[in-house]
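Chain residues, written in single-letter form:
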Amino acid sequence: MSAKEGQDFFYSVWATAWGAVGAVAGPKGLIRFVLPHYTPKDLGDLLAWEHRGATRDDKPFEMLIRLTRDYFNGRATDFSPVACDLPAESSFAGKVLRACRDIGYGQSRSYHILAEMIGRADAARAVATTLSKNRLSLVVPCHRVTYADGRMGGFSAPGGTELKARLLELERNTARTIPA
């Protein structure tokens, strides 16, 4: 997706305890978030190439920068205040991504349970397919969705299921340290 003439698109790359992360936002909110995998320079180049015409600027991402740094430093973090440009609420993908955002820190749900949450108990595979296209990992926490038997399932972000397991472990360890 490239920045459209007359619309403001911004991107940023910043350091976290786990490495560089980056994001792109447009007029309706976040449209892309990249988990740690790239060097800061390579990630900046990638986002600039993917979103031609976007301006590099940290200011639109101040809250997200703070939240991601907290997250990767092992603090329970709620990304719900971050505005996201998601598909229409009435669309299947829009329902899946919004339901996924409702899965709290340190929790997980199965693809089947997520399908039930949107009123489509028969659509666990379609839920998995939708999540495999999630461009807002962490903010739309698809890493919290697993198979019913607890196996990881897929994770399309760079780092794959190993990264998914690390994210879930970070949250489990943090959840154990939060006072009741």
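Residues numbered from 1 in each chain as written. Predicted model: local features only at pLDDT ≥ 70, side-chain atom pairs only at ≥ 80, totals over all residues. Heavy atoms only, no water.

Q: So, the side chain of Ser110: which residues are in play, and what are the values?
A: The residue Ser110 is located in strand E5 (residues 109-110) in this model. Classification of Ser110 as buried rests on a relative accessible area of 11%. A polar atom in the side chain of Ser110 sits 2.9 Å from the backbone nitrogen of Ile113. Look past the residues within four positions of Ser110 in its chain and what remains in contact with it is Val145, Thr146, Tyr147 and Ala148. (Helix = DSSP H or I, 4+ residues; strand = E, 2+ residues; numbered from the N terminus. Buried < 20%, exposed > 50% of the residue type's maximum accessible area, 1.4 Å probe, protein only. Polar contact = N/O pair within 3.5 Å; in protein donor to acceptor, adjacent residues only side chain to side chain. Contact = heavy atoms within 4.5 Å.)

Q: Quick rundown of helix H2 (residues 62-72)? Include the residues and the values.
A: Those residues of H2 that fall on the buried side of the exposure criterion are Leu64, Ile65, Leu67, Thr68, Tyr71 and Phe72. Downstream of H2 by a residue or two, Gly74 has a phi angle that is positive, lying close to 80°.

Q: Please give an account of the pattern of salt bridges that cites residues and values.
A: Side chains carrying opposite charge are able to pair once their charged atoms draw close together. The final tally for this structure, using the stated rule, is nine salt bridges. One salt bridge in this structure joins Glu50 and Arg135, with 3.8 Å as the shortest N-O distance. Here Glu50, found in helix H1 (residues 40-50), pairs with Arg135, found in the loop between helix H5 (124-132) and strand E6 (145-146); they are 85 residues apart in sequence, far enough to count as distant. Through salt bridges with shared partners, a single ionic network connects Arg32, Glu50 and Arg135. (Salt bridge = Lys/Arg side-chain N within 4 Å of Asp/Glu carboxyl O.)

Q: Requested: an account of the nonpolar core, with residues and values cited.
A: Core analysis: the biggest nonpolar cluster contains 40 residues, and Leu30, Phe33, Leu35, Leu64, Leu114 and Leu131 have the highest contact counts within it. Elements with a minimum of two residues in this core: strand E2 (19-26), strand E3 (29-34), H2, helix H3 (92-101), helix H4 (111-117), H5 and helix H6 (160-177). Top contributing element to this core by residue count: H2, with five residues. Residues contacting Phe33, with those up to four places away along its chain left out, are Trp14, Val21, Gly22, Ala23, Leu64, Thr68, Arg135, Leu136, Ser137, Leu138 and Val139. One finds Tyr11, Val34, Leu43 and Leu47 within the second-largest nonpolar core, a separate group that totals ten residues. (Core = buried A, V, L, I, M, F, W, Y, C linked by side-chain atoms within 4.5 Å.)

Q: Quick rundown of the pairing of E2? Include the residues and the values.
A: The buried fraction of E2 is high, at seven of eight residues. Connecting strand E1 (residues 10-16) to the antiparallel partner E2 that follows it, the hairpin turn spans two residues. In terms of strand pairing, E2 meets E3 through five bridges, oriented antiparallel. Along E3, the bridge assignment pairs Gly26 with Gly29. Where E2 folds back on E3, the antiparallel hairpin that results is connected by two residues. (Pairing = 2+ DSSP bridges.)

Function cannot be read off these values alone, since they describe shape.
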